[in-house]
Amino acid sequence: MKVDVLTLFPGMFAGPLDESIIKRARDEGRLELAVHNLRDYTHDRHKTVDDKPFGGGPGMLLKPEPLFEAVEALRGPETRVVMLGPSGRVFTQAVARELSKQSHLLFLCGSYEGFDERVREHLADEELSIGDYVLTNGNLAAMVVIDAVTRLLPGVLGDDASSVEESFSSGLLEYPHYTRPAEFRSWRVPEILLSGHHAQIEAWRREQARLRTLERRPDLLAGAAEKPGLPKPD
Ligand code: JCQ
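Let me begin by describing the structure that accompanies this report. (Residues numbered from 1 in each chain as written. Predicted model: local features only at pLDDT ≥ 70, side-chain atom pairs only at ≥ 80, totals over all residues. Heavy atoms only, no water.)

Bringing the pairing of strand β1 (residues 2-7) into the picture now. With five of six residues buried, β1 is to be regarded as a mostly interior element. In the sheet, β1 pairs with strand β2 (residues 32-37) via six bridges, with the strands oriented parallel. Across the sheet, residue Leu6 finds its bridge partner in β2, namely His36. The handedness of the β1 to β2 crossover, carried by helix α1 (residues 20-27), is right-handed. Summarising the sheet, β1 and strand β6 (residues 104-109) pair through five bridges and their orientation is parallel. Directly across from Val3, in β6, lies its bridge partner Leu105. (Buried < 20%, exposed > 50% of the residue type's maximum accessible area, 1.4 Å probe, protein only. Helix = DSSP H or I, 4+ residues; strand = E, 2+ residues; numbered from the N terminus. Pairing = 2+ DSSP bridges. Right-handed = clockwise from strand over helix to strand, strands pointing away.)

Glancing now at the site of the ligand. Around the ligand, the structure places 15 residues, and the nearest of them are Gly114, Ile130, Gly131, Tyr133 and Leu135. Tallying contributions element by element places strand β5 (residues 79-90) first for the shell around the ligand, with three residues. Across the shell around the ligand, the residue classes break down as eight nonpolar, six polar and one charged. (Near = heavy atom within 4 Å. Nonpolar A, V, L, I, M, F, W, Y, C, P; charged D, E, K, R; others polar.)

Rendered as structure tokens:
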């Protein structure tokens, strides 16, 4: 998958996407990531990317011209152009799966108060939000989306890690996990996990996942109840 990012702060992308699984995906050519500075698509002496809002009010907006010029230079026949901002469709695992099927993503990272509305209406295919809070700019949000999508690309995860995604798609939270030692500072691992009774362990884990989801995320259980064959809330 090809991923382009348009940003005013290209340096922010250096660390987080140069480590671990994302680094390996890039080294193996499964993710081809390029970060571009929006200022490179200006033409005036001061490389102006923002301006005051018509009608007044606080803050500055990204001007449409550099964004249109950059997207028109970078996009191809299969590009999906995604803006990031708190007014977007909420990004979920289902959206990550959907984006992972695209061949080319182009992310627009807003700063200041946001974009001129014509970018939203006539340039981006959609706006995504990573949650109900306000960030200083769209860069961290873009990195979250890139991370979640990249680990779904073919060959990026080993078999071990892919089960975590399967568990999430069951609509439940993960059951509790333990490793050695069996007793740490007097806290013992649940005896059932040491018993070797695989069927009972599986039943225990399913019940723990259900209880944990009921306790922390009852909204997810409502969704899981729609899916046939999954545990239902009491
Ligand atoms: C992304 N959840 C929050 C901040 C305006 C497009 O306009 C704006 C974009 C931002 C940066 O993104 C977020 C965000 N998902 O704050 C203000």
